[in-house]
Each structure stands twice: as structure tokens, then as C-alpha cells.
Amino acid sequence: MKLIEAKDYQDMSRKAADIIIDQVKKKPNSVLGLATGGTMIGTYAALVDDYKQNGTSYQQVKTVNLDEYIGLAPEHPNSYHYYMSDHLFNHIDIPKSQTYLPNGLAKDIEAECQRYENLLEQIGGIDLQLLGIGQNGHIGFNEPGTSFESTTHVVELALSTRQANSRFFNRFEEVPTHAITMGIATIMKSKKILLLASGKKKAHIISQLFAGKVTTEIPASILNTHPNVIVIADQEALSLLSPEKRKVYT
Ligand code: GLP
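Bear in mind the structure is a predicted one, so any value in this text is a computation, not a measurement. (Residues numbered from 1 in each chain as written. Predicted model: local features only at pLDDT ≥ 70, side-chain atom pairs only at ≥ 80, totals over all residues. Heavy atoms only, no water.)

Colleague: Would you mind going over the layout of surface pockets with me for this structure?
Modeller: Gaps left between atoms are located by rolling a probe of water-molecule size over the structure's atoms. Its boundaries defined by the atoms lining it, the largest pocket holds a volume of some 770 Å³. If you go around the largest pocket, you meet 39 residues; those closest to its centre are Gly-37, Gly-38, Asn-165, Arg-167 and Phe-168. Those elements that provide at least two residues to the lining of the largest pocket are strand S4 (67-69), helix H3 (80-87) and helix H5 (159-165). Take the lining of the largest pocket: its biggest share by element is 5 residues, from H3. Partitioned by chemical class, the residues of the lining of the largest pocket number 15 nonpolar, 18 polar and 6 charged. (1 Å grid on protein atoms, 1.4 Å probe; cavity = no way out; pocket = protein on both sides within 12 Å on 5 of 7 lines; lining within 4 Å. Points joined across faces, edges and corners; volume = space filled by probe spheres on them. Helix = DSSP H or I, 4+ residues; strand = E, 2+ residues; numbered from the N terminus. Nonpolar A, V, L, I, M, F, W, Y, C, P; charged D, E, K, R; others polar.)

Colleague: Mind showing me how you'd approach the site of the ligand here?
Modeller: The full set close to the ligand counts 14 residues, and Gly-38, Thr-39, Asp-67, Arg-167 and Lys-202 are the nearest of them. Contact between the ligand and Arg-167: an oxygen atom at 2.8 Å from a side-chain N or O atom of the residue. Burial of the ligand by the protein chains amounts to 95% of its free accessible area of 400 Å². More than half of the atoms belonging to the ligand lie within 2 Å of the grid points that define the largest pocket. (Near = heavy atom within 4 Å. Polar contact = N/O pair within 3.5 Å; in protein donor to acceptor, adjacent residues only side chain to side chain. Areas by Shrake-Rupley, 256 points an atom, 1.4 Å probe, with all protein chains shown as cover. Sits in = over half its atoms within 2 Å of the grid points.)

Colleague: Looking at this model, I keep getting lost on helix H1 (residues 9-26). Mind explaining?
Modeller: In an α-helix, one turn spans 3.6 residues, which is why side chains three or four residues apart end up on the same side. Here H1 is 18 residues long and its end C-alpha atoms lie 26 Å apart, about the 26 Å a rise of 1.5 Å per residue gives. When H1 is considered as a whole, its buried residues turn out to be Met-12, Ser-13, Ala-16, Ala-17, Ile-19, Ile-20, Ile-21, Gln-23 and Val-24. Where H1 is buried, its residues meet strand S1 (2-6), strand S2 (31-34), helix H2 (41-54), strand S6 (128-131), strand S9 (192-197) and strand S10 (229-234). (Expected span 1.5 Å × (residues − 1). Buried < 20%, exposed > 50% of the residue type's maximum accessible area, 1.4 Å probe, protein only. Contact = heavy atoms within 4.5 Å.)

Colleague: What's the story with the pattern of salt bridges in this structure? I'm lost.
Modeller: Applying the stated rule across the entire model yields 11 salt bridges. The shortest N-O distance in the salt bridge between Lys-191 and Asp-127 comes to 3.4 Å. Placement of the pair is Lys-191 in the loop between helix H6 (184-188) and S9 and Asp-127 in the loop between helix H4 (109-122) and S6, with a sequence separation of 64 residues. Classification of Asp-127 as buried rests on a relative accessible area of 6%. (Salt bridge = Lys/Arg side-chain N within 4 Å of Asp/Glu carboxyl O.)

Colleague: Can you help me understand the environment of Gly-140 in this one?
Modeller: On the secondary structure map, Gly-140 appears in the loop between S6 and strand S7 (153-156). Given a relative accessible area of 11%, Gly-140 falls into the buried group. On a C-alpha basis, the gap between Gly-140 and Pro-219 in space is 9.6 Å, while along the polypeptide they are 79 residues apart. Setting aside chain neighbours within four positions, we find Gly-140 in contact with Leu-66, Asp-67 and Thr-181.

Colleague: Just checking my understanding: could you explain the nonpolar core for this structure?
Modeller: Among the nonpolar cores identified, the biggest contains 75 residues, and Tyr-44, Val-64, Leu-88, Leu-194, Leu-195 and Ile-232 are the most heavily contacted of them. The element best represented in this core is H1, accounting for 7 residues. Leave out the neighbours within four places in its chain, and Val-64 touches Val-31, Leu-32, Gly-33, Leu-34, Tyr-100, Tyr-116, Leu-119, Leu-120, Ile-123, Ile-126 and Met-182. (Core = buried A, V, L, I, M, F, W, Y, C linked by side-chain atoms within 4.5 Å.)

Have a look at this one:
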């Protein structure tokens, strides 16, 4: 893993957007793996700004999202379909037909998981996967204890994850209990991974990530074994990481 230190949320977002823009410029038909959550909003805003100012084109890009809540329709304001349209797809030139997310309303959820895995293979795998990190170390919605061999699957969300995400809903009870997520093996197949972390709430998990111990109790720890991972974290998220550790990874 390589660490890029950012000053604050805005700086993290700008640095992440620069890496994504660079990827799209070098390979205009890139497959981008996208993530949701509060962490990514600034990055998508920076991509939209760049699109407006510099016209970076996404016409040949394909996107695949990590996860979606089960039971929320694409038009539901808390669905990840809605989030992606609202923060990114509606503001750049990507054809909607080239943007993929799991279908949280699928009747046969197992078949939907398989369809999503097949889709990823058909489009040639992910060139650059964007990741956030849960306070418990989850990536996508792969909660602690998930097998490193897992492919796209259904998960029951941890109570702490539902609590953390309830800030986007009117009431805690509205937060879905289940989601479809790419598995850890699916994520690890990505050619390059960009993990972002911002704020004090992420400081503990970021220090655990850089402790280097690979354990299913911290799903993100598997990234220590991937050959091409960049972590961009701001000073608050890095506040529990010693200067020595920072030096090792920068
Ligand atoms: C959510 C998403 C993850 C995201 C994480 C952190 O539950 N499924 O993909 O990375 O939790 O979210 P946030 O960026 O809001 O802290």
C-alpha cells in the first residue's frame, strides 16, 4: 500500500479526483469501480467540476458500483442508484447504459449476485476501484468476518453500519437491514485500488489498516496483500498513525 497524505477532506477529494481523471485520460474506455458514502461526495464533485471546466469525457467509460441496499428502488433518495445519479452520472457525459449497480429489488437475489459477477467479467474487470472504509473496517458492505474468498453476495448489515448510515435517512428504522455487495475476492481482482478516508472517526481503523495484520475481522486489511493500492487519508484520519509508519508508506 502506498499512502498519500492529504490536508483535509477537500484536499483528499481533489487528489482522488486527479488520479481518476488521469486514469480516464490514459485509458478512455476504463472500467471504474465506484463507491458511495459521505467520503466520496467531494471526489465526485471534483470530477464534475473538472468535466465542466476541462471537458474530460466519460463517453467510453463503464462504471460498476460496489453495493446497493436490498429493498430500495433506484428512485429512492437513499438508494445508491440515486446517489450515483445525483452526485455524478447526471452531471457528466457517461451514457447511463454504461453504469452498473446491483439491483436491490431483484426477485431472485442469488441470481442477481451471479449476474453481477458475470457482468464484471464480461466488461473485462475493474481498472480502478474506489473504496471508502467503514469504521469497523468494512469495504463495500463486507462486514467483519466475511471470507476473503467471497464474491458478490447478500449481507446482513452490522448494527454499527446501520447506525453510521442512519444519518442519511429520516429514521434509523428506515435503514435497510440487508444489501448486495461485491465480495472481497471480487474487489481484490481490481487492477488498482484507491481507498479514501477522512475525519477523526476513521483514525482508529486507519491505524489498524496500517498495522499490517491481515485478518477477516478487519476486511480492509486484505488490501495489504494487493500489489497496487493507494490510500489517500486526511490529517484527522491519520491522527493515530505514528510519523514512522507514515514514512514507511509514503
Ligand atoms: C458505507 C458503504 C461503503 C462506504 C462506507 C463508509 O456503508 N457501503 O462503501 O465506504 O460505508 O461510508 P462513509 O464514507 O459515509 O463514511
